[in-house]
There are 2 protein chains.
Amino acid sequence: MISAYQKEIYEQPEVHRLLLANYNAKIKEIAGIFRNKNYKFILIAARGTSDNAATYAKYLFSSMVHIPTGLAIPSLYTIYDQVPDMRGGLVIGISQSGQGSDILAVLKQAHAAGVDTLTITNDIHSPMAEISDYVIDVCAGKENAVAASKSYTGEILAVAMLAAAWAGDESRLKEIQKVPEWASFVLDQHENVKKAARWYAEIDKLIILGRGYNHCTTSEIALKVKEITYVTAEAFSGADFRHGPIALLEDGFPVVVLAPAGKTLADMQDLIREVKERKVRLSVISNDEHVLGESDYAIRLPADLTEWLSPIVVTIPGQLLALELAVAKGLDIDHPRGLKKVTLTM
Amino acid sequence: MISAYQKEIYEQPEVHRLLLANYNAKIKEIAGIFRNKNYKFILIAARGTSDNAATYAKYLFSSMVHIPTGLAIPSLYTIYDQVPDMRGGLVIGISQSGQGSDILAVLKQAHAAGVDTLTITNDIHSPMAEISDYVIDVCAGKENAVAASKSYTGEILAVAMLAAAWAGDESRLKEIQKVPEWASFVLDQHENVKKAARWYAEIDKLIILGRGYNHCTTSEIALKVKEITYVTAEAFSGADFRHGPIALLEDGFPVVVLAPAGKTLADMQDLIREVKERKVRLSVISNDEHVLGESDYAIRLPADLTEWLSPIVVTIPGQLLALELAVAKGLDIDHPRGLKKVTLTM
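Residues numbered from 1 in each chain as written. Chains lettered and ligands numbered in written order. Predicted model: local features only at pLDDT ≥ 70, side-chain atom pairs only at ≥ 80, totals over all residues. Heavy atoms only, no water.

**As for the overall build of chain A**
- Scanning chain A from terminus to terminus reveals 15 helices and ten strands.
- Compactness check: chain A gives a C-alpha radius of gyration of 19 Å against a globular reference of 20 Å for 346 residues, within 12% of the reference.
- Summarising its shape, the C-alpha atoms of chain A cover approximately 55 × 45 × 40 Å along the three principal directions.
- Buried positions account for 67% of the 346 residues belonging to chain A.
- In chain A, the share of contacts with a sequence separation of at least 24, taken over all contacts with a separation of at least 6, comes to 76%.
- Carbon and sulfur atoms make up 48% of the accessible area of chain A, which totals about 11400 Å².
- Of the charged side chains in chain A, 35 are positive and 42 negative, and the gap between their average positions amounts to 1 Å. (Helix = DSSP H or I, 4+ residues; strand = E, 2+ residues; numbered from the N terminus. Rg over C-alpha atoms; globule rule 2.2 N^0.38 Å. Buried < 20%, exposed > 50% of the residue type's maximum accessible area, 1.4 Å probe, protein only. Contact = heavy atoms within 4.5 Å. Areas by Shrake-Rupley, 256 points an atom, 1.4 Å probe, with all protein chains shown as cover. Lys, Arg positive; Asp, Glu negative; His and termini not counted. Charge placed at Lys NZ, Arg CZ, Asp CG, Glu CD.)

**Quick notes on helix H3 (residues 49-64) of chain A**
- The terminal C-alpha atoms of H3(A) lie 23 Å apart, and with 16 residues this matches the ideal 22 Å at 1.5 Å per residue to within 8%.
- The buried count for H3(A) comes to 15 of 16 residues, which makes it a mostly enclosed element. (Expected span 1.5 Å × (residues − 1).)

**Concerning the environment of Gly70(A)**
- The residue Gly70(A) is located in strand E2 (residues 69-71) in this model.
- Under the relative-accessibility criterion, Gly70(A) is labelled buried at 4%.
- Residues Gly70(A) and Gln12(A), 58 residues apart in the sequence, show an inter-C-alpha distance of 28 Å.
- Setting aside chain neighbours within four positions, we find Gly70(A) in contact with Ile42(A), Leu43(A), Ile44(A) and Gly70(B).

**A closer look at the side chain of Ser63(B)**
- With respect to the secondary-structure elements, Ser63(B) resides in helix H3 (residues 49-64).
- Only 3.1 Å separates the side chain of Ser63(B) from the side chain of Tyr213(B), close enough to count as a polar contact.
- In this structure, Ser63(B) is in contact with Leu76(A), Gln82(A) and Tyr213(B), ignoring residues within four places of it in sequence. (Polar contact = N/O pair within 3.5 Å; in protein donor to acceptor, adjacent residues only side chain to side chain.)

**As for the sheet that holds strand E10 (residues 297-300) of chain B**
All names here are of chain B.
- On the basis of which strands lie adjacent, the open sheet formed by five strands has the order E7-E6-E8-E9-E10 and parallel pairing. Single-partner strands in this sheet number two, and they are strand E7 (232-237) and E10. Strand-to-strand, the axes of this sheet are offset by a mean angle of 20 degrees, without reference to chain direction.
- For strand E6 (residues 205-210) and strand E8 (residues 254-259), the ladder comprises three bridges, and the chain directions are parallel. Along E8, the bridge assignment pairs Ile207 with Val255. (Pairing = 2+ DSSP bridges. Axes fitted to C-alpha atoms, helices over the stretch in contact; angles between N-to-C directions.)

**Describing the relation of the copies chain A and chain B**
- Here chain A sits on chain B after a turn of 180 degrees about the axis and a move of 0.0 Å along it, with an RMSD of 0.0 Å. Here the symmetry operator amounts to a two-fold rotation axis. Ranked by how close their C-alpha atoms come to the rotation axis, the residues of chain A are headed by Gly70(A), at 2.2 Å. (Least-squares fit on C-alpha atoms with pLDDT ≥ 70 in both.)

**Observations regarding helix H9 (residues 179-187) of chain A**
- Among the residues of H9(A), those classed as buried are Val179(A), Pro180(A), Trp182(A), Ala183(A), Val186(A) and Leu187(A). Down the axis of H9(A), the sector holding all buried residues measures 160 degrees, keeping them to one side. (Arc of directions from axis to C-beta.)

**Some details on the sheet that holds strand E1 (residues 41-45) of chain B**
Residues and elements named next belong to chain B.
- Ordered by their spatial adjacency, five strands build an open sheet running E2-E1-E3-E4-E5, and the pairing between neighbours is parallel. Taken across any chain shown, the strands that pair with only one partner, and hence form the sheet edges, are strand E2 (69-71) and strand E5 (134-137). Strand-to-strand twist across the sheet, computed as the mean angle between neighbouring axes with direction ignored, equals 20 degrees.
- Pairing between E1 and strand E3 (residues 89-95): five bridges, direction parallel. Paired with Ala45 across the bridge in E3 is Gly93.
- Contacting E1, E3 and strand E4 (116-121), helix H5 (residues 101-112) crosses the sheet at an angle of about 155 degrees to E3.

**Brief notes about the pattern of salt bridges**
- Summed over all chains, the structure comprises 40 salt bridges over all chains.
- For Lys226(B), the salt bridge is made with Glu234(A), and the minimal N-O distance between the two is 2.6 Å. Within this pair, whereas Lys226(B) is found in helix H11 (residues 215-229), its partner Glu234(A) is found in strand E7 (residues 232-237), the two belonging to separate chains.
- The exposure class assigned to Lys226(B) is buried, which follows from its relative accessible area of 6%. (Salt bridge = Lys/Arg side-chain N within 4 Å of Asp/Glu carboxyl O.)

**Overview of the interface of chain A and chain B**
- In this assembly, 61 residues from chain A lie in contact with 61 residues from chain B.
- Summed over both sides, the interface between chain A and chain B buries roughly 5500 Å², with carbon and sulfur atoms accounting for 58% of that surface.
- On inspection of chain A and its partner chain B, the count reaches four salt bridges.
- Measuring nitrogen to oxygen at the nearest pair gives 3.0 Å for the salt bridge that ties Lys205(A) to Asp204(B).
- Linking chain A with chain B are 14 residue pairs in polar contact (both at pLDDT 80 or more). (Buried area = accessible area lost by both parts, 1.4 Å probe.)

**Overview of the environment of Glu155(B)**
- Position of Glu155(B) among the secondary structure elements: in helix H7 (residues 150-166).
- Considered as a pair, Glu155(B) and Ser50(B) are 105 residues apart in the sequence and their alpha carbons are 7.7 Å apart.

**Examining the domain arrangement of chain A**
Residue and element names in this part refer to chain A.
- For chain A, the domain assignment lists domain 1 (4-177) and domain 2 (181-328).
- Spacing between the C-alpha centres of domain 1 and domain 2 amounts to 26 Å.
- Facing 29 residues of domain 1, the contacting portion of domain 2 comprises 26 residues.
- Remark: the boundary between domain 1 and domain 2 carries zero salt bridges.
- Counting the contacts that link domain 1 with domain 2 gives ten residue pairs in polar contact (both at pLDDT 80 or more).
- Listing elements by their share of the side of domain 1 that touches domain 2, those giving two or more residues are helix H1 (4-10), helix H2 (12-35), H3, helix H7 (150-166) and helix H8 (170-176).
- Among the elements that take part in the side of domain 1 that touches domain 2, H3 stands out by supplying eight residues, more than any other.
- Among the residues forming the side of domain 1 that touches domain 2, the class breakdown is 16 nonpolar, ten polar and three charged. (Domains from an automatic or database assignment. Nonpolar A, V, L, I, M, F, W, Y, C, P; charged D, E, K, R; others polar.)

**Here's the deal with the packing of H9(A) against helix H15 (residues 310-328) of chain A**
Residues and elements named next belong to chain A.
- At their nearest, the axes of H9 and H15 sit 9 Å apart, and the two run at 25 degrees to each other. With respect to H15, the axis of H9 lies roughly parallel. For the pair H9 and H15, the sense of crossing is right-handed. In this structure, H9 contributes Val179, Trp182, Ala183, Val186 and Leu187 to the contact, and H15 contributes Ile312, Val313, Ile316, Pro317 and Leu320.
- Split into classes, the residues belonging to the contact of H9 with H15 amount to ten nonpolar, no polar and no charged. (Parallel < 35°, antiparallel > 145°, perpendicular 65-115°, else oblique. Left-handed = near helix turned anticlockwise from the far one by under 90°.)

Structure (structure tokens):
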């Protein structure tokens, strides 16, 4: 029987199509309001998978809307009761369920201080949505697998739509329309991913390297692998990796490098050279022919994929890698030990 | 022969004494200026070990000075050339060497935009120091080991001094004076740390759990362990751990929990119960008798250690753990494979 996780991975192109069709106008409306607000900074509160969506949002809002964006510290709101002065800013909560009590606490205090709040969620009737001034529905439909897939790429697609609309960037808004097609393209790489997974399955470690906009993608892939395969997968920015963790590498160590074409590609090429000197088991996810040729297992991205949207697409082979590692290890994918779908953090 | 790393770990109480003696007045002067500036937000740029110092600073400035604080994204400055509008904020660079080219790029662009800049560094003649409006010397003296120790606790002590002075909090400024004595106390735990390390040495995985102010400490300890022992050590906030990675735990998995007395202790107690159910090898660093009694190997903290300063002190047994794991594995501590003291990131 096919797992709920696999089924939901395959629903992604359709979720993206729905979000683009149903929510474009609403997101443009919110973006139009935000453009006149002149926010001095943005704080984003999220946990788990949605924390990786928050990282993507941090990159896009910083670079495309030019507003300094940081991740909120929920424990200051729930445990220490010593919070920053949020006035003049926008506070965003991101959550599949819209129920995380610590994220809700951040939104509540922002709201009480008269600060604008936005929630991006898969449940528009959730407590987080109800307390927020603005709400974006990621339109993923009910997500049954404990490991989130479609809700994550839905969240970051919503973030991309909001950032492009907020920046008033029509050419980017056009590019976004290609996302469902790109998502289908990488689903067709499933067999290649399966081969890499079989080759990795005997080792219970994995390192995922990426940079720039795909910083979030490295963390999200590592999280999926940890959640359903119990492999100690670790994500690194190429930059931070050279500052210490590169010492970990030894013969046969499994390494996945995210190297979509774009401004970070040259640096990832250098890093590929450096890790190959250490004789690792290298799999590369890329749309650059040269880089694909360098890897032991190549996973292909669409040729026309644009860098800023690549996190939505590059995540998908990572989800499949986690799936196939779990299959190769004979694990129960929809019931990972010790996890629940909704985690209530105080 | 004793390693440079061990020698420098033991120099820490003296470094802290020097910093407190030489720099208190200067930091108070800078804090006095900052108090009148009314910064809307703070952006901190750092890499590697100093990135963990930046996380500590983010917690202190958010909670004690009440200014929203985020970590800068260096690649927006060096690769994408699309940066946030930093006006109205303060930009801080943290670096042992003061040479990281990407961190320098953040400071240069802030400076060019007329934004105030502060550098916290161990080399006040470095390029980062030279371009900054304000400079704090961490007074650690030359650091020879590739794995940073005294420069890290020097950096975060400087951050604590600045935050307390900026908040005008005399009682906290008094508490800081105890840091050198607390650092000496935990150095006396070396034998207990050695016992835990021997028990962990046969396994090449390690999980470090902490929360709140010690979020930075979990990451810093994991980084030290990775740098010099090649063990895949991973750090988690207790909160994020329950959102997925807890699935990793199985019989005999080595886990270190940071549980100093304070507002996060109750949550760490719950987490200790949860991880014990999974029959892990548990070592706890704490000053709470009950929690110490729960662990297989207990590492004691000073009884009067205050929570906000605990990261400076709790890091030290972590440094010793990395050291003793490397000793047990027969590794060359001062020459970890593939690492240099100064990493130049573009």
